[in-house]
Number of protein chains: 2
Amino acid sequence: MEATGLSRPTVLTVCDELLRLGWVSEMESPSGLALRSGRPSRRFALNSAAGYVLGIDLGATKLQLCLSDLAGTIVAERAEQWRDEHLGAPERLLIARQATLEVLTQAGVEASSVMAAGMAVPAPVRPDGHAVALESYLPGLAALDLRLALRPDFDWPLIVDNDANLAVIAERWRGVAQDVDDVVVLLSGERLGAGICLGGQLIRGGGSAGEMRFLELVEGVGNTDAIGGMCRELGAVAAAETLAGERPWSAHDSELLRLCGGIPAAVDAEMVINAARKGDPAAYEVLEVVTERTARVIAVVATLLDPQMIVLSGGPAGAGDVLIPSLDEELDGLNSAHPRLAASILVGHAPLLGAVRVALDQAFASLLDLNPA
Amino acid sequence: MEATGLSRPTVLTVCDELLRLGWVSEMESPSGLALRSGRPSRRFALNSAAGYVLGIDLGATKLQLCLSDLAGTIVAERAEQWRDEHLGAPERLLIARQATLEVLTQAGVEASSVMAAGMAVPAPVRPDGHAVALESYLPGLAALDLRLALRPDFDWPLIVDNDANLAVIAERWRGVAQDVDDVVVLLSGERLGAGICLGGQLIRGGGSAGEMRFLELVEGVGNTDAIGGMCRELGAVAAAETLAGERPWSAHDSELLRLCGGIPAAVDAEMVINAARKGDPAAYEVLEVVTERTARVIAVVATLLDPQMIVLSGGPAGAGDVLIPSLDEELDGLNSAHPRLAASILVGHAPLLGAVRVALDQAFASLLDLNPA
DNA sequence: GCATTTATTAACGGCCTTTATATATTTCTC
DNA sequence: GAGAAATATATAAAGGCCGTTAATAAATGC
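Quick look at the structure, then. (Residues numbered from 1 in each chain as written. Chains lettered and ligands numbered in written order. Predicted model: local features only at pLDDT ≥ 70, side-chain atom pairs only at ≥ 80, totals over all residues. Heavy atoms only, no water.)

If you check the shell around DNA strand C, you find 17 residues, and the closest are Ser7 of chain A together with Arg8, Gly38, Arg39 and Arg42 of chain B. Separating a base oxygen of DNA strand C from a backbone N or O atom of Gly38 of chain A is a distance of 3.3 Å. For DNA strand C, a base oxygen lies 2.6 Å from a polar atom in the backbone of Arg39 of chain B. Of all the elements in the fold, those that place two or more residues in the surface near DNA strand C are helix H1 (8-21) of chain A together with helix H1 (8-21) of chain B. When the residues that make up the surface near DNA strand C are grouped by side-chain class, the tally is four nonpolar, eight polar and five charged. (Near = heavy atom within 4 Å. Polar contact = N/O pair within 3.5 Å; in protein donor to acceptor, adjacent residues only side chain to side chain. Helix = DSSP H or I, 4+ residues; strand = E, 2+ residues; numbered from the N terminus. Nonpolar A, V, L, I, M, F, W, Y, C, P; charged D, E, K, R; others polar.)

Moving on, we get to the pattern of salt bridges. Applying the stated criterion across every chain, the model contains 26 salt bridges over all chains. Across the pair Arg42 of chain A and Asp16 of chain A runs a salt bridge whose closest N-O atoms are separated by 2.9 Å. Here Arg42 of chain A is found in the loop between strand S1 (24-26) and strand S2 (44-46), whereas its partner Asp16 of chain A is found in helix H1, with 26 residues between them in sequence. As a salt-bridge pair, Asp161 of chain B and Arg204 of chain B come within 2.4 Å of each other at their nearest N and O atoms. Highlighted residues: Asp161 of chain B in strand S7 (residues 158-162) and Arg204 of chain B in the loop between strand S10 (201-202) and helix H4 (224-228), separated in sequence by 43 residues. A cluster of three or more residues bridged by salt bridges with shared partners is formed by Asp16, Glu26 and Arg42 of chain A. (Salt bridge = Lys/Arg side-chain N within 4 Å of Asp/Glu carboxyl O.)

A cis amide bond links Arg151 of chain A with the next residue in sequence, Pro152 of chain A, at an omega value of -5°. Within the secondary structure, Pro152 of chain A sits in the loop between strand S6 (114-121) and strand S7 (158-162). One non-glycine residue, Val347 of chain B, lies in positive phi territory at about 35°. Following the sequence through the fold, Val347 of chain B ends up in the loop between strand S12 (340-343) and helix H10 (350-370).

This brings us to the sheet that holds strand S4 (residues 62-69) of chain B. Residues and elements named next belong to chain B. Spatial ordering of the open sheet is given by S5-S4-S3-S6-S7, a layout of five strands whose pairing is mixed. Of all the strands in the sheet, just strand S5 (74-81) and S7 have a single pairing partner and so form its edges. Taken over all neighbouring pairs, the strand axes of this sheet differ in orientation by 15° on average, direction set aside. Its contacts with the sheet put helix H3 (residues 163-174) on strand S6 (114-121) and S7, and the angle it makes with S7 is roughly 100°. (Pairing = 2+ DSSP bridges. Axes fitted to C-alpha atoms, helices over the stretch in contact; angles between N-to-C directions. Contact = heavy atoms within 4.5 Å.)

With that settled, the discussion passes to the packing of helix H9 (residues 281-305) of chain A against helix H10 (residues 320-334) of chain A. All names here are of chain A. One way to put it is that H9 packs onto H10 with a least axis distance of 8 Å and a crossing angle of 60°. One way to sum up the angle between H9 and H10 is to call them oblique. The way H9 lies across H10 gives a crossing that is right-handed. Residue-level inspection shows Leu287, Glu288, Thr291, Glu292, Thr294, Ala295, Arg296, Ile298 and Ala299 of H9 in contact with H10, the latter providing Val322, Leu323, Ser326, Leu327, Glu330, Leu331 and Leu334. When its residues are assigned to classes, the contact of H9 with H10 shows nine nonpolar, three polar and four charged. (Parallel < 35°, antiparallel > 145°, perpendicular 65-115°, else oblique. Left-handed = near helix turned anticlockwise from the far one by under 90°.)

So, on to the protein's contact with DNA strand D. Looking at DNA strand D, there are 16 residues lining it, with Arg8, Gly38 and Arg42 of chain A together with Ser7 and Thr10 of chain B nearest. One nitrogen or oxygen atom from the side chain of Arg8 of chain A is found 2.9 Å from a phosphate oxygen belonging to DNA strand D. Residue Arg39 of chain B places a main-chain N or O atom 3.1 Å away from a base nitrogen belonging to DNA strand D. In the surface near DNA strand D, the residues fall into four nonpolar, eight polar and four charged.

Okay, here's the thing in structure tokens:
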């Protein structure tokens, strides 16, 4: 009644109709929590088994799929590394279709029960379903109309979007940005991409909003793909500087030195993060090299768009406890005020969950088309 | 009928009601263009005299006001330089109220006929009506709730916004960005501000979206206020480089040299533009110094937001015929693809017209509240 | 006068509201 | 602890608003 502004009899009529059609089910025993006197109210819930949606994350390094019911509960999930990193897009889509079939059987769900699918790809997607050419990541992707990627095996409506765009949708749905209308997600993977949500709406521009190539123009940033692979970079920076003998920690006793077994060239990102967690000043010195560059990127985005929150997603999210204080400090130096930084809690599932969310939106939209109630 | 999806009898009923209430008037003689046979249709038009709105541009250097009828036709206008550039905000608002009274008498419109007012200020405005502190431009502005700026003289609803935000609204209403949903206006005045419209909606963020301070981080840009005063800068750059003897045109025969009467230090922006219009290569060399920096700013904005169009507004708009080809060339060097550049045709009235537009929106919105037809 | 187009009136119907009544449950009371 | 009162909801009925379609009237060109 509150949501629709309709009166109780009308709402009940609609609920009965939905019940008859099978879209909702009536809860049997509201007794447990019937604290008030009076005739108990009937309780309805979305009949989650009435339909399903599929989410796909066609990543650069791996494939993720999941099946969700209409309530958004994941009923089956599957992830696999690509056998060959240089696989072409058509081959990857073929593998995705095979994996889809397996997820369906695993969950015991008929293909006809799936109402829609969503797919994340690591490239900007134009409204016509074609990706903006980015051959380096997924060869042949731009040549396909991705909306047809599951045909002819499955004829569900398929919503395809940029992984960063779907990540921001996921963060607003089930992540750290719930109830935040102005938020930017920085998705770091093989590359760096931004998902921009302003005023509660996803910003797509001509399709490639949120691309980060431009940031090479920002002083002290350099190649943005290196920021994308922030974690990889942490190790590389540490190793390089160690070899050059520039940092004191290689010469002195430090947690970082202990973690790498005394072999500075073997330092990787995890070691840097772990050492920083123990408060090792040497690790923080390494961290600063990478966070300073990231902070400059954030400063540009934050000043231009003035969002309430910026979310770190992808690889670096797990190290948020270390990275965010460091980034905060760098940003304070660049900018008097900056938005709240947060680390994603969706552990690599953000684009996948975003794909589920847009598929659910599509499913509900098509229901409303049929049922103008 | 087309706009509302209602049937003819219903539309007629509503029109008659609006006629009775005085909001629309019936056209007397549609005879001139009654080319078809059959009973002639009745024609209605918004009764523009039914109400008025006021637009105010509280600029850094001057005050502009105009009175518009409900059709958006300007019925009276007024502009004046501030007597004292360092005048405080309360004093400026007092002057604005006096000028408002004069515009009303000039047009012969009662204060009670004004339904709403809009005001542009050269600073970000938060939703609570307070400007973000920017003392350097308008001392004391941030301390006031600007929504009350016309009280107690006039008790109209007053919509206050950033000049760049209102400029983008104006460009979409009556400027070069009509029917463009994704557009960024770069408003150059004393400072540089961006008005960002994406998906047909103005992007405000926490209030200060579109600020340009961050651009000092972009390589080769330097202080962004210098880009804001692009025209002033053109003269300064030319003069400085001339004095340093760095440019060939000071030593050789050129149109630019002729225009300044042989005194290079006297070169100003207008001379550079005029010489460039005649194809003077020396003038283009000076231009490039300024356009290269602006191009970098545009590249950052364009890549991050991917708009369909970027509009140059404010001072440089008049020199668009020279600046845009030059900027296009610089951008081609930075970026493979970039959005269409256009120069504003609103000759310094963009924020003012935007203020009128938001006031009209407010007026119509309040009408719909009263008249749920 | 006829065709054409629109205005105007009237009848009808859907959707939702309000009102009234019935029902299921808790709580009070003896 | 049984029955009455209180409470909250379900259900049915009546009514009204808003818009539709259909039918009729009116104004114009040919």
